[in-house]
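Understanding the architecture of this molecule
These are the residues of each chain, in order.
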Amino acid sequence: MKHIIAVLLENEPGALSRVVGLFSARGYNIESLTVAPTEDASLSRMTIQTTGSDDVIEQITKHLNRLIEVVKVVDLTEGAYTERELMMVKVRAVGKEREEMKRMADIFRGRIIDVTEKSYTVELTGDQSKNDAFLEAIDRSAILETVRTGSSGIGRGERILRV
Amino acid sequence: MEISKAEIASAALANSQRSASSVPELRGAEILVKALQAENVKYVWGYPGGAVLHIYDAFYKQDTIQHVLVRHEQAAVHAADGYARATGDVGVALVTSGPGVTNAVTGIATAYMDSIPMVIITGQVPTHAIGLDAFQECDTVGITRPIVKHNFLVKDAKDLAETLKKAFHIARSGRPGPVVVDIPKDVSFKKVPYAGYPATVEMRSYNPVRKGHGGQIRKALQLLLAAKRPYIYTGGGVLLSNASAELRTLVDMLGYPCTNTLMGLGAYPASDRKFLGMLGMHGTVEANNAMQNCDVLLAVGARFDDRVIGNPKHFAQNERKIIHIDIDPSSISKRVKVDIPIVGDVKDVLSEMIAMIRESSTKPDAGALGAWWDTIEGWRKRDCLKYDNSNKDVIKPQYVVETLWNMTKDVETYITSDVGQHQMWAAQYYRFDEPRRWINSGGLGTMGVGIPYAMGIKLAKPESEVFCVTGEGSVQMCIQELSTCLQYNTPIKIVALNNRYLGMVRQWQEVEYEGRYSHSYMDALPNFVKLAEAYGHVGMLIERPEDVEPALREARKLKDRTVFMDFRTDPTENVFPMVQAGKGITEMLLGAEDL
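Think of each chain on its own: its residues are numbered from 1, step by step along the sequence as written. Following the order in which they are written, the chains are lettered starting with A and the ligands numbered starting with 1. Local features in this predicted model are restricted to residues of pLDDT 70 or higher, and side-chain atom pairs are both shown and tallied only at a pLDDT of 80 or more, whereas totals for entire chains, interfaces and linings draw on every residue.

1. Here's the deal with the overall build of chain A
Rule in force here: The helix count covers DSSP runs of H or I at least four residues long, the strand count covers runs of E at least two residues long, and both are numbered beginning at the N terminus. Three exposure classes are used, all based on how many other C-beta atoms lie within 10 Å of a residue's own C-beta (placed from the backbone): buried at 20 or more, exposed at 12 or fewer, and partly exposed between those limits. In this description, a residue-residue contact is defined by the distance between C-beta atoms placed from the backbone, which must lie within 7 Å.
Broken down by element type, chain A carries four helices and nine strands. Along chain A, from the amino end to the carboxyl end, the secondary structure elements read β-α-β-β-α-β-β-α-β-β-α-β-β. Along the longest, intermediate and shortest principal axes, the C-alpha atoms of chain A span 55 × 35 × 35 Å. Looking at the 163 residues of chain A, the share that counts as buried comes to 26%. Counted over contacts in chain A with a minimum sequence separation of 6, partners at least 24 positions apart contribute 73%.

2. Thoughts on the sheet that holds strand 15 (residues 413-417) of chain B
Within a sheet, neighbouring strands are paired by backbone hydrogen bonds and run either parallel or antiparallel to one another. Residue and element names in this part refer to chain B. Stated formally: Only when DSSP finds a minimum of two bridges between them are two strands counted as paired. All axes are obtained by fitting lines to C-alpha atoms, using only the stretch in contact for helices, and the reported angles, taken between N-to-C directions, cover 0 to 180 degrees.
Taking strand neighbours across the sheet as the criterion, the six strands line up as 16-15-17-18-20-19 in an open arrangement whose pairing is parallel. This sheet does not close on itself; its edge strands, each paired only once, are strand 16 (438-439) and strand 19 (538-542). Strand direction decides the pairing type here: strand 18 (residues 493-498) and strand 20 (residues 563-568), joined by six bridges, are parallel. Looking across to strand 20, one finds that Lys493 is bridged to Val563. Together, strand 15, strand 16, strand 17 (465-471) and strand 18 form the strand contacts of helix 19 (residues 450-460), whose direction differs from that of strand 17 by roughly 175°.

3. Digging into the interface of chain B and chain A
Keep this limit in mind: Throughout this entry, Asp, Glu, Lys and Arg are counted as charged residues, while Ala, Val, Leu, Ile, Met, Phe, Trp, Tyr, Cys and Pro are counted as nonpolar. The remaining residues, Gly among them, count as polar.
At the junction of the two partners, chain B supplies 13 residues and chain A supplies 17 residues. Of the residues in the side of chain B that touches chain A, the class split is five nonpolar, four polar and four charged.

4. Focus: the domain arrangement of chain A
Residues and elements named next belong to chain A. Operational definition: Throughout, the edges of the domains are those of an automatic or database domain assignment.
Taken as a whole, chain A is organised into domain 1 (2-79) and domain 2 (82-152). Contacts between the two partners involve six residues from domain 1, matched on the other side by five residues from domain 2. Among the secondary structure elements, those contributing two or more residues to the side of domain 1 that touches domain 2 are strand 2 (32-37) and strand 3 (43-51). Sorting elements by how many residues they give to the side of domain 1 that touches domain 2 places strand 2 first, with three residues.

5. Focus: the sheet that holds strand 3 of chain A
Residues and elements named next belong to chain A. Across the sheet, four strands lie side by side as 2-3-1-4; this open sheet has antiparallel pairing. Only two strands of the sheet have a single neighbouring strand rather than two, namely strand 2 and strand 4 (70-75). In this sheet, adjacent strand axes meet at a mean angle of 15° when their direction is disregarded. In the sheet, strand 1 (residues 2-10) pairs with strand 4 via five bridges, with the strands oriented antiparallel. Residue Val7 lies in a different strand from strand 4, and its bridge partner there is Val73. Packing of helix 2 (residues 54-66) onto the sheet brings it into contact with strand 1, strand 3 and strand 4, and relative to strand 4 it is tilted by some 160°.

Right, dumping it as structure tokens:
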């Protein structure tokens, strides 16, 4: 089961290392991890995507809470949430392909942010499955390079994560 | 008279200089000493080196903290650890950078696995040299991260006081643990204003829960009082919380059977009939059977370690309700699913339980309890710890421990141990009635702790008797500390159960590997008597059973000397009962006939 865990932690050197070290030491898996400061510069917010049984997720949450710098932990997948990931894909776009690639980008509401005679770089924002779908939809062999940020999550409505 | 602008300006400058100079400026090293003094630290075990020279200079200039120079950084951390286990105070060690830190790693991991409150100060290369592969540099924070409760690298001397305050607070609160504070050499040298050691510390990200949830406690009590076959299983957490008195009150009020883990021995008096002995891999028949067959289990400050529950599937076979009191939520439902978790400090929760029992009119089911005790007494009749002592020519290791116990049970005695068969025999045959007297490495199982633990405790408890029960393998791992014992006049008594084998390994090789004794025989052992004498101590060789008691008596009489007793014991003896790997806790091997 995929889980998206949001963590608020003190914005201190080594805090990220501690979280990653925890996962590797205990054999938990990190599918993706993204972290950045919040509107409060002393706090960082981390979104971790992981998979595991309910027992494993319970242990992960408890161990995260145990870390001294971690202020709060929320498993977003327990309730309604929104997930977004930024993806940039550099694709081959030569001759007739250019029209088709532009159409694909439009369908997925992506934007072309870089143009050369032979390539486009498409920027897409969406949940993981949408971004996966774009990569499926276009010609595999046209993909030159992809970079993804990993999912960031936020609770819907009144579900607010703050100190 | 007109005051000129220049005069006003210079008066203002003088004023501001005066208020700035009223806050003294101290070097980082001096701030460290002040912090340790403010935390009432009496002893620091350590070993100097380049990165900590300024700190050692500051130590030279003070006289409230006694520094003990060990002979290996591992022993510095072990000694501080042993001190912390025996007294409950935070143990403090000081080591230099690079090899000092790497030598200390074993000691730190040992303390981490048993949740012992410690602060380890490590020197580091100057801040401008970090990351440049400097002389004696290592990534201390990175290396120790998985084996500490927390660690800090102090980049500026102005942060030092607050960091140390946080370090001590983290070490001793919640679930205790070792905290490493890494201090670069330039930070220990730099002068900064020091307005005093912080009185309090606030950490929004760290607020351990003390009080248990009232509703959960009530539910737990309902379950406990209605039980037909109740059992109280307690561990190191009772000792760390200093809750031995509350545990005794609770067990005595209810009249329920009680067991301790290896780490919890002494929390409940072994001499009481309600104590069923230690449980687990080498636990008694009655303690293990009760664990399997109870219907309500109250777990207090214990973590359902794999040595205790045996095969988890087998453990889960029986229907029982489990109540778990622990200060660390991550310990609850980790290996075994629990029905009523209570997160809180053991002392606080037990006190509340006792108060609720006193107020309530519900009493335990006397009939069911009587029947349960009958069953337990039936198991006890197996007398699983009985051993054959009829051979007049060979010393049984169990006999040495029993004799020691008989001689010292009425005196304040501390027993430290190394790791292996001797450790299990010490745990089984020395019956501990008081908390914090049994000092051993349970979680990590580190060989070599015996002598440093003993010397750390003896320093703090000079009037008590301190015995180190060890094996000839373990004792050699920190044997150089015999020198420290002489320098600091900490006369300890070393009871070496010398069977010429790495006993526990040999036992497993006998049981699991069909007697293929791969590298478990110790050849070329030193003459321990001469070795002890070379270190300035008394050495004794004991080879016959009738000499065991006289030797111990003689050793105890030599109050001011460290005595090394080399007991040549029966190498064929195995620790029983034994739960083999993968087996259930009721599937115990009870003696040689079961092999």
